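Breakdown of the fold
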Amino acid sequence: MAGFLHIQARLPRAAGLEFSARLLAVHPAWDIELEEDGLNFVLPISGDGAEAALAEVDELARAIEKTRFGLTVELEAAECAEFPARPAPVAAGPWRLRPLAEGESPPPPRPDQLLLPPGARASKKFWAGEALLLT
């Protein structure tokens, strides 16, 4: 069965930065969002992928706990059939973003507009990176 694994890790921001860095060192393609109270990310999974991914995240969480006295990383994981909806921002730098609907023909190009393919979705981290690249 294919699906997604939604993982949340609750920990202080400084420890969250370290945890995020450790996860991204192993899996640079993971789209991890750092929030005020921890990390939040969704992984595509298939078969036993959920158990393997969760075991890896848990192992790295325990490593963080060992380096930071008194810290406990709270992990929550849930499987979901669909990727949670994440709306795209209305702009990236000076460009307006316009998502295309399924089957919609793209309009003529404009210098102030970027077209997003149907179903485009990404986290705040992804869009921050895209905006930085575009500017």
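In this report, the structure presented in the accompanying data block is examined. (Residues numbered from 1 in each chain as written. Predicted model: local features only at pLDDT ≥ 70, side-chain atom pairs only at ≥ 80, totals over all residues. Heavy atoms only, no water.)

**So, the overall build of the protein**
Selection rule: The numbering of helices and of strands both runs from the N terminus, where a helix is a DSSP run of H or I of at least 4 residues and a strand a run of E of at least 2. With a 1.4 Å probe rolled over the protein chains alone, any residue whose accessible area is under 20% of its type maximum counts as buried; one over 50% counts as exposed, and the rest are partly exposed. Pairs of residues are marked as contacts when any of their non-hydrogen atoms sit within 4.5 Å. Using a 1.4 Å probe, the Shrake-Rupley method yields the accessible areas, and only the shown protein chains count as cover for residues.
Within the protein, the regular secondary structure consists of three helices and seven strands. N-terminal to C-terminal, the α/β element order of the protein is β-α-β-β-α-β-β-β-β-α. The burial tally for the protein puts 28% of its 135 residues in the buried class. The long-range fraction of contacts in the protein, counting pairs at least 24 apart against all pairs at least 6 apart in sequence, stands at 63%. Counting only carbon and sulfur atoms, one obtains 59% of the accessible surface of the protein, whose full area is about 8,400 Å².

**Overview of helix α2 (residues 49–67)**
So the rule is basically this: Multiply 1.5 Å by the residue count of a helix minus one, and that product is the helix's expected span. Picture the helix axis, draw a direction to every C-beta atom, and the arc is the one those directions span.
The end-to-end C-alpha distance of α2 is 28 Å, a good match for the 27 Å that 19 residues give at a rise of 1.5 Å each. Residues Ala50, Ala53, Val57, Leu60, Ala61 and Ile64 constitute the buried set of α2. End-on view of α2: buried residues confined to an arc of 110 degrees, all on one side of the axis. What points out from α2, more than 90 degrees from its buried face, is the exposed set Glu51, Glu59 and Lys66.

**A few points about the sheet that holds strand β5 (residues 91–92)**
Threshold: Two strands qualify as a pair provided that DSSP identifies no fewer than 2 bridges between them.
Read from one edge to the other, the open sheet built from three strands follows the order β5-β6-β7, with strand pairing classed as mixed. Strands with a single pairing partner mark the edges of an open sheet, and in this sheet they are β5 and β7 (113–116). In terms of strand pairing, strand β6 (residues 95–99) meets β7 through four bridges, oriented parallel. Paired with Arg96 across the strands is Gln113, a residue of β7.

**Re helix α1 (residues 13–26)**
With 14 residues, α1 should cover 20 Å at 1.5 Å per step; its first-to-last C-alpha distance of 20 Å lies within 8% of that length. Along α1, the residues that are buried comprise Ala15, Gly16, Phe19, Ser20 and Leu23. The buried residues of α1 occupy one face: seen down the axis, they fall within an arc of 135 degrees.

**What to know about the nonpolar core**
Note the following rule: Throughout, nonpolar core names a set of buried Ala, Val, Leu, Ile, Met, Phe, Trp, Tyr and Cys residues whose side chains join them through atoms within 4.5 Å.
With 21 residues, the main nonpolar core has Leu11, Phe19, Leu23, Phe41 and Val73 as its most contacted residues. Secondary-structure elements contributing two or more residues to this core are β1 (2–10), α1, β3 (38–46) and α2. Ranked by residue count, the leading element in this core is α2, at six residues.

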